Amino acid sequence: MATNQHAIAGLCQEGDALVAAGCALKAAACYTTAFKTHVASTVAHMRSLDASNFVKVVSALEGWLDGEEDVQRSMDGLNKGLAAVFLSMLCPNNLSASLFKMESILQRADHSSEEIFARCSALLNSKGQPNPTGSRRLILELTRALAGLLSEPESPRALQLYLKAFQKHRSECVRLLRSRQAHHLPKILKAFSEQMHNCLDLSGSTQTEHKTFDIVNKSSLQASEILEFLEAVSPDDPNVRKWQGEFLLSLGKFEEGAEAFSHALELCGPQRDKKEGNMDESATCKVKPAENKASALVGRAAANFSIGGRANEVCRDLGEAFAIHPATARQQFQRLFSNNGTGTAARVLLRQQAERGLSGYRETVLARPDLRSTEGVELLDPVIAQLRTLCHLEPDGGGRELRVRLADCLLLRGEVREALSISSQLAAAGPTQQSYQNTVQVLCGYARLLSNDHQGALEDFQAVIEHRAPHPSSCVRALCGRGLLRMMAGSHYLTALDYLTASGLQPQETAFTVRCLIPWNSRGLLCTVLLEQGRVMLESVGDKGSGPLSQQEQEAPSAHGKDSLAPSKNGCPGGVHALAGLLMELQPGTDAPQILTADALYQLGRVEEAYRLLLSIEQHTTTRSPILARLALLQLHRGFLYDANQLLKKLIQCGDTSCLRPLLAVAAQKDCVLMEKHCYTASKRILSAQRDEGAIREAVAYLSIAIMASGGEATDSLLERAKCYALLGQRKTAIFDFSAILKDHPEHVPALWGRALTYLTLNQQKECTQDILAALRVDPEAVTQDILSVRDRGRKLMCEWLLQCCRESLCQAVAADKVAGDMQGAAFYLRQVFGQEPREGSAQARWGVVEASEQNFMGAAQRLAMVAEREPPILDFLLLLICPSHRKRLAQAACQEASRASQQGQWACALPLLSVAVHSVDGQKLQYLRQRAACLARLGLHERAVADLDKVIQGQAPEEEVTGVVEHALWAEDLCRRGRSLLLCSRERQALEDFSRALGLHRSRALECVEAWVGRSRLAGHFLHAASQCYAEQQLSEAWALTERGLKVEGGHAELRRLRARIKHEASSHCIVN
């Protein structure tokens, strides 16, 4: 206890010192702390202070309770309630302490609010003591107003008190409300909000002249005062700005109202929702931010509508409001647009803007440069929003027409599911609501098509097309949709029929449908298919006639019996012209659709229009060839030959005449004939003037055009072009043209002769001979003159080929026993042509055949020997004319005569006789070959001798089958003969192999032959040379074998022995090392 008294005394003394020093605030803090410890001692000490110091401490406590900022900082950490009790003990009727106590009571409970209201009123109206002034009076008035609000929430009494205090001291009132009544501020703002709704009655009528809203409620609370109060207390509340806008609308201040609504929308933004400690959310509005924003948007739309000239802004705000919160937006619309038909006018405005937006979208779509582009699709967003708004404003959710338009726009925008939902609901409507049925079915069809329900889409499209009285635009869309499905199924012709019909009905609607409703990744393929099928249709209806329709085309009417047009009508040039116009609309600037249009105009007989169109294309196109070809044909048709010729020259200079094929397929027969004749005449004129390479190539180009114009049937042009190709050295191409003529005209002599000459230059004997013989069968005299006109070398070669062909044919006939021998007739003919004794070798040989038939074999052999060496093929041919038995005897006689000549050393005379013998038995008798090989060796013809000996050795039995000594000796002799000839032919290795084999077969006979023909020492030298080469190449085994064979030939050869020793030594050293 003594300790407490000592502490209290210390605090009081400290406070006294602070007061004396002028620090009243700190002194008040010390006294309050002491009061908390011991009330009586502290109060007694305070009463003992002098008056001036006492007043200072009381003033400091009052400032702290009144909420002065500088006092608040000095009193941090102390309880205001304790200070209020302390002040009441010092000054029992102190106003600051009383106010603090009343505010504290109001914060805890509302049941004492009536007493507090009465006490505040008594304090404000007391006459016995001085009235409070300044800030304390304002605090007292606000406390009374709060007590009145809490005691009677529905009464405007408290609100009037707040407004009265606010009108006197605006800024101080706002500050005090936010600081002293922050706990009750939401209730205060809510009460003012409810009163604001009562003050503003916007459902009344507007004045016709100024479009202002009347304030019907004439209560003592004015809306303007309430708005001023709310704006000051809660400046960031969107509802306050919204009420301000509505109030300004009621006054006819539309510009200011629009700005207020705009400010409200800014406050409704997402950045405001994240602010902490914002009292507006809980103060004035229990509605969600979406509802606030929708209400503000409708309000701004009403302001802009009243201003006029802001249709875009009005419709945009209404659309956004109904998109955010339809119910709130509709309620606000009914409040703000219910005067003198403004609601109807707003609906009309929305409809007009939607129509205008849809028209703008349509224009943008039709002006797209790229077919696959989706440019302008964002223009549908406001249109959809406006249509949705109109549907929300209708009592039944929108009439059928509005919902149809909405589904259409949603489909164009790509919102397939919603469009399908709406259109399906419309299609399922009762019989009494069947308007726009075709349009609804088309929308369903496209929605299903884009949802990959192709069968359902086809059924919808077919229902529209088969309707008894289809809506034109819907029918066009249905045709386009069905055409797309047919294209996906591969029925390209039927696809073209659908689009051809649609473009004939409404070309612009068809183009719009393709650009918007056809998937972007199918548009390019669709245009390609339509272009190809359009050309096919044009080619099938030309003057030249066409083949029968394809099976698909024939089935088209039966499979789809209620199509708008049958293929016979759609396939006409008029229908193709409409289709080409559609393609020009879809692909502006491309050449192919314009060329198709020109071709259709040509077939329609509108030549001048086609000509003008092609001229316009030529000025900007990069592919000139198709344009030049068509211009040339049109100029020929019109009779302007000079212009046509100039155009053809330009076409030829371009180097691309293949573009004529599709043109000539659609051209009239008479125009094709004109083109053919003109080009053929031009080529002849060029060739007659000059024959240089450039002129020939130009003539070839003209002839090619003529051939294409005739369909490949211009024989004269083909013949001339083939000759030109031959002159240019393009012989195979020339043969192709000659063959093209002969395919249809196999007896065309100029073509046969021309191809024969070409084969002659290519040295193709068989083909050349066949063509000459074929031509000779048709016109021998003309062909003979042609052969005689050929130069000597070519004529000689041609005659040789013909002769050889005749021989081969005769040989084949003889081999087949189809020739009856008439040797007497042959002898008579030979004497008649060559005389009694022919001098020429070929005639002598043929006389030998006659003598062989007369069994004069010796004479026959001598006569046949005249061609045996010079012309072996003739010998073989003539031998075929001799019967086999006579040939055998002829060979014996020739061999005997050759042996006689050989004995006399007449080897040159013996050789042809031996050749006759060999050929007579087809080389089957080895003895004849040996004799001829010996004769050839004598004459130094060792290569031929080796060839004969090869046949001899190959004709003998295999080495392992030869058992007799005689056969071994004979075989060794043949090998030695061939080895000798090989040595003389400088083929050493092969010769040594033959000698080695001979030594192995029969050593003694081989050594005899070597000694007689080569010499042992010489042959040993050859073995030494070959062995040395192998030794140098480290082929020791091969070198050892050659050395051993050489020593067999000459055992005392010193060099071979030394080489063998070296090989042996080196081989043994290798073995030791290893």
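Residues numbered from 1 in each chain as written. Predicted model: local features only at pLDDT ≥ 70, side-chain atom pairs only at ≥ 80, totals over all residues. Heavy atoms only, no water.

Novice: Quick one: what's the story with the overall build of the protein chain, residue by residue and with numbers?
Specialist: In terms of regular secondary structure, the protein chain is built from 60 helices and zero strands. Counting over 1074 residues, the protein chain shows a buried share of 49%. Restricting the contact set of the protein chain to residue pairs at least 6 apart, pairs at least 24 apart contribute 62%. Carbon and sulfur atoms form 51% of the exposed surface of the protein chain, whose accessible area is close to 51600 Å². (Helix = DSSP H or I, 4+ residues; strand = E, 2+ residues; numbered from the N terminus. Buried < 20%, exposed > 50% of the residue type's maximum accessible area, 1.4 Å probe, protein only. Contact = heavy atoms within 4.5 Å. Areas by Shrake-Rupley, 256 points an atom, 1.4 Å probe, with all protein chains shown as cover.)

Novice: Go over the packing of helix 56 (residues 988-1001) against helix 57 (residues 1003-1013) with me, naming the residues and quoting the values.
Specialist: Where helix 56 contacts helix 57, the two axes come as close as 6 Å, and the packing angle between them is 135°. Between helix 56 and helix 57, the angle is such that the two are oblique. Along its contact with helix 56, which presents Phe 995, Ala 998, Leu 999 and Leu 1001, the element helix 57 presents Arg 1003, Ala 1006, Leu 1007 and Val 1010. For the contact of helix 56 with helix 57, the residue count by class is seven nonpolar, no polar and one charged. (Axes fitted to C-alpha atoms, helices over the stretch in contact; angles between N-to-C directions. Parallel < 35°, antiparallel > 145°, perpendicular 65-115°, else oblique. Nonpolar A, V, L, I, M, F, W, Y, C, P; charged D, E, K, R; others polar.)

Novice: How would you explain the environment of Ala 407 if you had to name every residue and give the values?
Specialist: By the secondary structure assignment, Ala 407 is in helix 23 (residues 400-413). Apart from residues lying up to four places away in sequence, Ala 407 is in contact with Ala 419, Ile 422 and Leu 443.

Novice: Got a sec to walk through the packing of helix 23 against helix 24 (residues 416-427)? Specific residues and values, please.
Specialist: For the pair helix 23 and helix 24, the least separation of the axes is 8 Å and the interaxial angle reads 150°. Considered as vectors, helix 23 and helix 24 are oriented roughly antiparallel to each other. Pair helix 23 / helix 24 crosses with left-handed handedness. Here helix 23 contributes Arg 400, Arg 403, Val 404, Leu 406, Ala 407, Leu 410 and Leu 411 to the contact with helix 24, which in turn contributes Glu 418, Ala 419, Ile 422, Gln 425 and Leu 426. Class assignment of the residues belonging to the contact of helix 23 with helix 24 gives a composition of eight nonpolar, one polar and three charged. (Left-handed = near helix turned anticlockwise from the far one by under 90°.)

Novice: Explain the pattern of salt bridges to me, using residue names and the numbers behind them.
Specialist: Taken as a whole and judged by the stated rule, the model has 35 salt bridges. Among the ionic pairs, Arg 448 bridges to Asp 460, the shortest N-O distance being 2.8 Å. Taken together, the residues Arg 448 in helix 25 (residues 437-450) and Asp 460 in helix 26 (residues 454-465) connect sequence positions 12 residues apart. Where salt bridges share partners, they join Arg 351, Glu 355, Glu 401 and Arg 405 into one cluster. (Salt bridge = Lys/Arg side-chain N within 4 Å of Asp/Glu carboxyl O.)

Novice: Which residues make up the nonpolar core, and what are the values?
Specialist: The biggest cluster of nonpolar side chains holds 97 residues, and the ones touching the most others in it are Val 298, Leu 318, Phe 333, Phe 337, Leu 387, Tyr 446 and Tyr 499. Setting aside residues no more than four positions away along its own chain, Phe 333 makes contact with Val 298, Leu 318, Phe 322, Ser 338, Gly 343, Ala 346, Arg 347 and Leu 393. Ala 701, Leu 742, Cys 768 and Ile 787 belong to the second-largest nonpolar core, a separate cluster that totals 75 residues. (Core = buried A, V, L, I, M, F, W, Y, C linked by side-chain atoms within 4.5 Å.)

Novice: Go over unusual backbone geometry with me, naming the residues and quoting the values.
Specialist: Glycine aside, the phi torsion of most residues is negative, and most peptide linkages are trans. The phi dihedral of Ser 986 falls on the positive side, at around 65°, and the residue is not glycine. Along the polypeptide, Ser 986 turns up in the loop between helix 55 (965-984) and helix 56. Here Ser 986 falls in the exposed class, since its relative accessible area comes to 68%. The phi dihedral of Gln 1034 falls on the positive side, at around 60°, and the residue is not glycine. Mapped onto the fold, Gln 1034 is located in the loop between helix 58 (1016-1032) and helix 59 (1036-1049).

Novice: For the environment of Asp 948, give the residues involved together with the corresponding values.
Specialist: Note on placement: Asp 948 falls in helix 54 (residues 942-955). Ignoring sequence-local partners within four residues, the contact set of Asp 948 consists of Leu 929, Arg 932, Ala 933 and Leu 936.

Novice: Break down the packing of aromatic side chains for me, citing the residues and quoting the values.
Specialist: Any aromatic ring pair is given by two values, namely how distant the centres are and how the planes are angled relative to each other. Per the stated rule, a full pass over the model turns up four aromatic pairs. Here Phe 333 and Phe 337 contribute two aromatic rings whose centre-to-centre distance is 4.4 Å and whose plane-to-plane angle is 15°, an arrangement assigned as stacked. Among the aromatic side chains, those forming a connected cluster through ring pairs are Phe 305, Phe 333 and Phe 337. When the ring centre of Tyr 611 is taken as reference, the NZ or CZ atom of Arg 638 above it lies at 4.4 Å. (Phe/Tyr/Trp six-rings, centres within 6.5 Å; stacked < 30°, edge-to-face > 60°. Lys NZ or Arg CZ within 6 Å of the ring centre and 35° of its normal.)

Novice: Summarise the confidence of the model for the protein chain; cite the residues concerned and give the values.
Specialist: Note: predicted coordinates in regions of low pLDDT should not be interpreted at a detailed level. Overall, the prediction assigns the protein chain a mean pLDDT of 77, with 72% of residues at 70 or greater. Here residues 271-287 is modelled with pLDDT under 50, and outside its nearest four sequence neighbours on either side it reaches 30 contacts, counting other chains as well. (pLDDT = per-residue confidence, 0-100.)

Novice: Break down the state of the cysteines for me, with residues and values.
Specialist: Counted under the stated rule, the structure contains zero disulfides. Here Cys 475 stays unpaired: no disulfide links it, and the sulfur of Cys 480, its closest cysteine neighbor, is 9.6 Å away. The exposure class of Cys 480 is buried, given its relative accessible area of 0%. (Disulfide = S-S within 2.5 Å.)

Novice: Give a description of helix 33 (residues 573-586) that names residues and reports values.
Specialist: Compared with an ideal rise of 1.5 Å per residue, which puts 14 residues at 20 Å, helix 33 spans 20 Å between its outermost C-alpha atoms and is within 8% of the ideal. What helix 33 keeps buried is the set Pro 573, Gly 575, Val 576, Leu 579, Ala 580, Leu 582, Leu 583 and Leu 586. (Expected span 1.5 Å × (residues − 1).)

Novice: Outline the side chain of Asp 671, listing residues and values.
Specialist: Looking at the secondary structure, you find Asp 671 in helix 39 (residues 669-689). The side chain of Asp 671 is buried and forms no salt bridge, while Lys 670, the nearest opposite charge, is found at 5.6 Å. A polar contact of 3.1 Å, which involves the side chain of Asp 671, links it to the side chain of His 637. Residues in contact with Asp 671, not counting those within four places in the same chain, are Tyr 602, Leu 633 and His 637. (Lys, Arg positive; Asp, Glu negative; His and termini not counted. Polar contact = N/O pair within 3.5 Å; in protein donor to acceptor, adjacent residues only side chain to side chain.)

Novice: If you had to explain the side chain of Ser 915 to someone new, which residues and values would you point to?
Specialist: Residue position: Ser 915 is located in helix 52 (residues 907-920). Not counting residues up to four positions away in its chain, the partners in contact with Ser 915 are Ala 868, Glu 869, Leu 875, Arg 932 and Arg 944.

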